[in-house]
Amino acid sequence: MSNCKICEQQIQPFLEFGKMPRANAYLDKDGFANEQFFELGVGFCEQCKLVQLLNTIPPEKMFHDDYAFLSSTSRYMEQHFASLAEDIIATHINDPASAFVVEIGSNDGIMLQHFAKHQINHLGIEPSKNVADIAISKGLTIWNDFFAESTAKQVCHEYGQADIICAANVIGHIEDLRSVGQGLDLLLKPDGLFIFEHPYLVDNIQKNAFDQIYDEHIYYFSLLSVQAIFPRYGLEVVDVKWQSVHGGSMRYTLARQGVHPVATAVSERLAREQQLGLDQLSIYQEFALQAQQIKRELLELLTTLKQAGHRIVGYGATAKSSTVLNFCGIGPDTIDYISDVTPCKQGRFSPGMHIPIKPYSDFCNDDHQYTLLFAWNHTEEILTKEQTYNQRGGRWIVFVPHVNVFDML
Ligand code: SAH
Ligand code: TMP
Ligand code: ZN
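Worth saying up front: this structure is predicted, and the values here are computed from it rather than measured. (Residues numbered from 1 in each chain as written. Chains lettered and ligands numbered in written order. Predicted model: local features only at pLDDT ≥ 70, side-chain atom pairs only at ≥ 80, totals over all residues. Heavy atoms only, no water.)

Student: Mind showing me how you'd approach the sheet that holds strand S6 (residues 142-143) here?
Tutor: Adjacent strands of a sheet form backbone hydrogen bonds with each other and so pair up, either parallel or antiparallel. Sheet architecture is open: 7 strands sit in the order S6-S5-S4-S7-S8-S11-S10, paired in mixed fashion. Unpaired on one side and paired on the other, S6 and strand S10 (235-243) mark the two borders of the sheet. With 2 bridges joining them, strand S5 (residues 121-125) and S6 adopt parallel strand pairing. Considered in S6, the bridge of Gly-124 is made with Ile-142. Lying over the sheet, helix H6 (residues 177-187) contacts strand S4 (100-104), strand S7 (162-168), strand S8 (188-199), S10 and strand S11 (249-256), oriented at roughly 140° with respect to S8. (Pairing = 2+ DSSP bridges. Helix = DSSP H or I, 4+ residues; strand = E, 2+ residues; numbered from the N terminus. Contact = heavy atoms within 4.5 Å. Axes fitted to C-alpha atoms, helices over the stretch in contact; angles between N-to-C directions.)

Set out below in structure tokens:
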């Protein structure tokens, strides 16, 4: 039995996948024999409403000098972060010459570069050295470290407090939220803002996106749980805004209690989450049933296609794909290879199922009829980009919210 990492109450497990590999641990052939697995499962805390992993991996095993995810592989995400940075500058930064912006989990600098462009004093805190180095090569100021209370203390000492602390797709990756909360409390100016985005639990549930569950995703936030966590560290949610990225995300803006007015969007969103039943275990149990149903339907479809002699290629060696492939037991007999634009994934094999990952040029030069879209959160970008494949009648297989096959003719 696991206890909640926030309020220490016993949590209710609702979906257990069994032994799974680390999702971003692409490997060479000589790594197959020593591959490490861990128990992947999620549970719900009835007290603070936080959905969370039942078991976790030490952060140094996930975020290191060979971290496989590069933020700037998506043009749409580049646009998204450009507009987020411009929005923050226009709305919240009165004096760019004296402002100080900190980003937690800045990766290759996809967002921070826009603050730098406006000559705004900035600092990225990023533990994965290979991606931090890319940001540094863009001229950005980066600390190659994990954000925690101790890091916040050092940053404060060296640079002073921040006007804005932003974070995208990272707060749910940090197990010790107490340390994050205390670090924010140290680092944020009295009237500063903490703005973070994360895939939204409501979208995860409504889209049956069970593939969002993997080792790096320790927490699955809703406004309900965010409101249970951050007031412990003197922060309140002053605004929320839904975003379409990553299959549906929420942008939470927090400030010290009582300093900024609270937008009506906060109470409206909270009421909606309660109305949807996000505070009840049953919605999560239903989600787990949907995951099992998708597994059955996807396996049936792939088996039928293989029996008919079709070749199937994967698109996007996402961390999410590790969950689908290992949960369903889909390997290289079914999927010839997975195409991905990230150089460090190419030539390697997918975790657990060992499907080869090939450069995007392999996909472009292929004549296959079926593509399993693992990067479904980038559907619009990918379908727009793949005109040649679409025009030759290539078909797409998706599995969220339901198993479906379609073409663009
Ligand atoms: N913000 C980027 C990257 C998200 S991936 C985007 O939205 O595209 C998560 C990133 O957070 C990785 O680069 C990882 O190395 C980093 N990270 C993980 N734990 C962290 C921590 N404790 N402090 C700061 N960054 C962390
Ligand atoms: P993500 O779903 O975690 O953002 O990961 C997307 C993965 O898909 C990443 O490895 C990059 C890859 N990708 C492509 O190969 N082609 C594309 O057009 C896009 C958008 C992503
Ligand atoms: Zn709890």
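Student: I tried to follow the site of ligand 1 on my own but got confused; where do I start?
Tutor: The full set close to ligand 1 counts 19 residues, and Ser-71, Glu-126, Ser-128, Phe-147 and Asn-169 are the nearest of them. Residue Ser-71 places a side-chain N or O atom 2.7 Å away from an oxygen atom belonging to ligand 1. For ligand 1, an oxygen atom lies 2.5 Å from a polar atom in the side chain of Glu-126. Its free accessible area being 570 Å², ligand 1 has 97% of it covered by the protein chains. By residue class, the composition of the shell around ligand 1 is 12 nonpolar, 5 polar and 2 charged. (Near = heavy atom within 4 Å. Polar contact = N/O pair within 3.5 Å; in protein donor to acceptor, adjacent residues only side chain to side chain. Areas by Shrake-Rupley, 256 points an atom, 1.4 Å probe, with all protein chains shown as cover. Nonpolar A, V, L, I, M, F, W, Y, C, P; charged D, E, K, R; others polar.)

Student: In this structure, what is going on with helix H2 (residues 75-92)? I would like to understand it.
Tutor: For the α-helix, the turn length of 3.6 residues means that residues three or four positions removed from each other point alike. Helix length check: H2, at 18 residues, gives a terminal C-alpha distance of 25 Å against a target of 26 Å (1.5 Å per residue), a fit within 8%. Residues Met-77, His-80, Phe-81, Ala-82, Leu-84, Ala-85, Ile-88 and Ile-89 constitute the buried set of H2. Buried residues along H2 sit against helix H3 (112-117), S7, S8, S10 and S11. You can read the cap of H2 off the contacts: a side-chain oxygen lies 3.3 Å from the backbone nitrogen of Tyr-76, and it is on Ser-74. (Expected span 1.5 Å × (residues − 1). Buried < 20%, exposed > 50% of the residue type's maximum accessible area, 1.4 Å probe, protein only.)

Student: Can you help me understand the coordination of the zinc ion (ligand 3) in this one?
Tutor: Reference values for angles at a metal are 109.5 degrees in the four-donor tetrahedral case and 90 or 180 degrees in the six-donor octahedral case. For the zinc ion (ligand 3), every protein donor is listed as Cys-4 (SG), Cys-7 (SG), Cys-45 (SG) and Cys-48 (SG), and the spread of their distances is 2.2 to 2.3 Å. One can describe the donor arrangement at the zinc ion (ligand 3) as tetrahedral, given that its 4 donor atoms subtend angles of 95 to 124° at the metal. Owing to a relative accessible area of 5%, Cys-48 belongs among the buried residues under this scheme. (Donors = N, O, S within 2.8 Å, 3.2 Å for Na, K, Ca; no water. Tetrahedral: all angles 85-135°; square planar, octahedral: opposite > 155°, others 65-115°.)

Student: Sorry if this is basic, but what is going on with the pairing of S4 here?
Tutor: Residues in a regular strand project their side chains so that they alternate between the two faces of the sheet. For S4, the buried fraction is high: 5 of the 5 residues fall into the buried class. Alternating residues of S4 divide into Phe-100, Val-102 and Ile-104 and Val-101 and Glu-103, and every residue in both groups is buried. In this sheet, S5 lies alongside S4 in parallel orientation, the contact comprising 5 bridges. By the bridge assignment, Val-101 is partnered in S5 with His-122. Handedness of the β-α-β unit built from S4, H3 and S5 comes out right-handed. Sheet topology note: the S4/S7 ladder contains 4 bridges and is parallel. Within the sheet, the bridge partner assigned to Ile-104 lies in S7 and is Ala-167. (Right-handed = clockwise from strand over helix to strand, strands pointing away.)

Student: Just to check I follow, could you spell out the nonpolar core for this structure?
Tutor: In a soluble, globular protein the nonpolar side chains are often hidden away together inside. In terms of nonpolar packing, the biggest core is built from 104 residues, with Ile-171 and Phe-194 touching the most fellow members. Sort the elements by how many residues they give to this core and helix H10 (residues 281-307) lands first, with 11 residues. By size, the runner-up hydrophobic cluster in this structure holds 26 residues, among which are Leu-84, Ile-88, Ile-93 and Leu-140. (Core = buried A, V, L, I, M, F, W, Y, C linked by side-chain atoms within 4.5 Å.)

Student: I'm lost on the sheet that holds strand S3 (residues 51-53) in this one. Help?
Tutor: Here 4 strands make up an open sheet; going across it, the order is S1-S2-S3-S9 and the pairing antiparallel. The two strands at the open ends of the sheet, each matched to only one other strand, are strand S1 (12-21) and strand S9 (219-220). This element, H10, spans S1, strand S2 (37-44) and S3 of the sheet and lies at about 35° to S1.

Student: What is the right way to read the site of ligand 2 from this model?
Tutor: Lining the immediate environment of ligand 2, one finds 17 residues, of which Lys-320, Asp-340, Lys-345, His-378 and Lys-385 sit closest. Within the side chain of Thr-342, a nitrogen or oxygen atom sits 3.4 Å from an oxygen atom of ligand 2. In the model, an oxygen atom of ligand 2 is placed 2.9 Å from a nitrogen or oxygen of the Asn-377 side chain. For ligand 2, the accessible surface in isolation is 480 Å², of which the surrounding protein chains cover 96%. Broken down by class, the residue content of the shell around ligand 2 amounts to 5 nonpolar, 7 polar and 5 charged.

Student: Explain the packing of aromatic side chains here, please?
Tutor: When we look at a pair of aromatic rings, we describe it by the centre distance and by the angle of the planes. As enumerated under the stated definition, the model contains 23 aromatic pairs in all. Ring geometry for Tyr-315 versus Phe-363: centroids 5.0 Å apart, planes at 85°, classification edge-to-face. Of this pair, Tyr-315 sits in strand S12 (residues 312-315) while Phe-363 sits in helix H12 (residues 360-365); the two residues are 48 residues apart in sequence, bridging distant segments of the chain. The residues Tyr-315 and Phe-363 share a single accessibility class, namely buried. Through a chain of ring-to-ring contacts, the aromatic side chains of Phe-194, Phe-196, Tyr-219, Phe-221, Phe-230 and Tyr-252 assemble into a single cluster. Residue placement shows Lys-295 over the ring face of Phe-327; its charged tip is 4.7 Å from the ring centre. In this arrangement the basic side chain of Lys-385 is found over the ring face of Tyr-360, its NZ or CZ atom lying 4.9 Å from the centre. (Phe/Tyr/Trp six-rings, centres within 6.5 Å; stacked < 30°, edge-to-face > 60°. Lys NZ or Arg CZ within 6 Å of the ring centre and 35° of its normal.)

Student: What am I meant to see in unusual backbone geometry here?
Tutor: Peptide bonds are mostly trans, and most non-glycine residues show a negative phi. Between Val-400 and Pro-401 the backbone carries a cis peptide bond, its omega angle lying at -5°. Locating Pro-401 in the fold gives a position in the loop between strand S16 (395-398) and strand S17 (404-406). At Glu-8, a position not held by glycine, the phi torsion is positive, near 65°. By the element assignment, Glu-8 lies in the segment before S1. Overall, Glu-8 belongs to the exposed group, its relative accessible area being 63%. At Gln-119, a residue that is not glycine, the phi angle is positive and equals roughly 55°.

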